[in-house]
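# Fold and contact review
Residues per chain, in single letters:
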Amino acid sequence: KMGDEVTDDKKSGNYEVTDTDKKEVSYKAPVNKKSKTITVPATIEIDGVTYQVTKIAVNAFKGNKTITKVTIGSNIKNIGKNAFSGATKLKTVTIGKNVTEIGENAFKGCTSLTKITLPAKTTKIGSNAFSGCKNLKTLTIKSTKLNSKTVSKNAFKELNKATIIKVPKRKLEAYKRLFKSKGLSSKVKIKMY
């Protein structure tokens, strides 16, 4: 039923059923709290029935001090609020191509994160999404759809001045203005990729 918490047949993750008709679930947490490497799959099986994993739940990895690497499956559209907030050992994140929304505080305080790429379908970045990612060297944004309504204030606050943000060529000037208005330090370089 909607809202039911379930574990997939492989016993690797805990999920919440978000849509019974479309057979969709949200990833809530790994079963093994000591796992360093996590793959959030595109689909899972529950009692032999295939469900699409379309979201990483609010607080899914919040404060997780063991996780170092995450691969986010191709059906995930939404990375929830605080999803990886305070995951201080998280170094590598691979985001699936269909992620449209990065929630508020999603990667806040991920002090080990060195690079991340947002796919072309990303349309929304929440407030403080990358705040305090002080070792982030490269943030590549493939989307051309971001604007002042869809990027929240302080989305890029407290990035290290050594960070380089790579953006699509035709958006270079627009994104320079946009990101600075959303808390990006003027010392951070924005280049085209």
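Scroll up to find the structure this text is about.
To keep things clear, this report deals only with the structure shown in the data block. All figures in this text were calculated on a predicted structure; none of them were measured in a lab.

Considered as a void within the structure, the largest pocket measures approximately 210 Å³ in volume. In terms of lining, the largest pocket is formed by 14 residues, of which the most central are Asp8, Lys10, Ser12, Thr39 and Pro41. Only strand 3 (24–30), strand 4 (37–40) and strand 5 (43–46) provide two or more residues apiece to the lining of the largest pocket. Looking at side-chain class alone, the lining of the largest pocket contains six nonpolar, five polar and three charged residues. Size it by volume and the second largest pocket reaches roughly 150 Å³. What lines the second largest pocket is simply Thr92, Val93, Thr94, Ile95, Lys115, Ile116, Thr117, Pro119 and Lys142. If you list the elements that add at least two residues to the lining of the second largest pocket, you get strand 9 (92–94) and strand 11 (115–118). When its residues are assigned to classes, the lining of the second largest pocket shows four nonpolar, three polar and two charged.

Judged by nonpolar contacts, the single largest core of 54 residues is most densely connected at Ile79, Phe84, Phe107, Phe130, Phe156 and Phe179. Tallying contributions element by element places helix 1 (residues 172–181) first for this core, with four residues. Look past the residues within four positions of phenylalanine 130 in its chain and what remains in contact with it is Ile102, Phe107, Ile116, Leu118, Ile125, Leu139, Ala155, Phe156, Lys157 and Leu159.

Cut-offs and rules
- Residues numbered from 1 in each chain as written.
- Predicted model: local features only at pLDDT ≥ 70, side-chain atom pairs only at ≥ 80, totals over all residues.
- Heavy atoms only, no water.
- 1 Å grid on protein atoms, 1.4 Å probe; cavity = no way out; pocket = protein on both sides within 12 Å on 5 of 7 lines; lining within 4 Å.
- Points joined across faces, edges and corners; volume = space filled by probe spheres on them.
- Helix = DSSP H or I, 4+ residues; strand = E, 2+ residues; numbered from the N terminus.
- Nonpolar A, V, L, I, M, F, W, Y, C, P; charged D, E, K, R; others polar.
- Core = buried A, V, L, I, M, F, W, Y, C linked by side-chain atoms within 4.5 Å.
- Buried < 20%, exposed > 50% of the residue type's maximum accessible area, 1.4 Å probe, protein only.
- Contact = heavy atoms within 4.5 Å.

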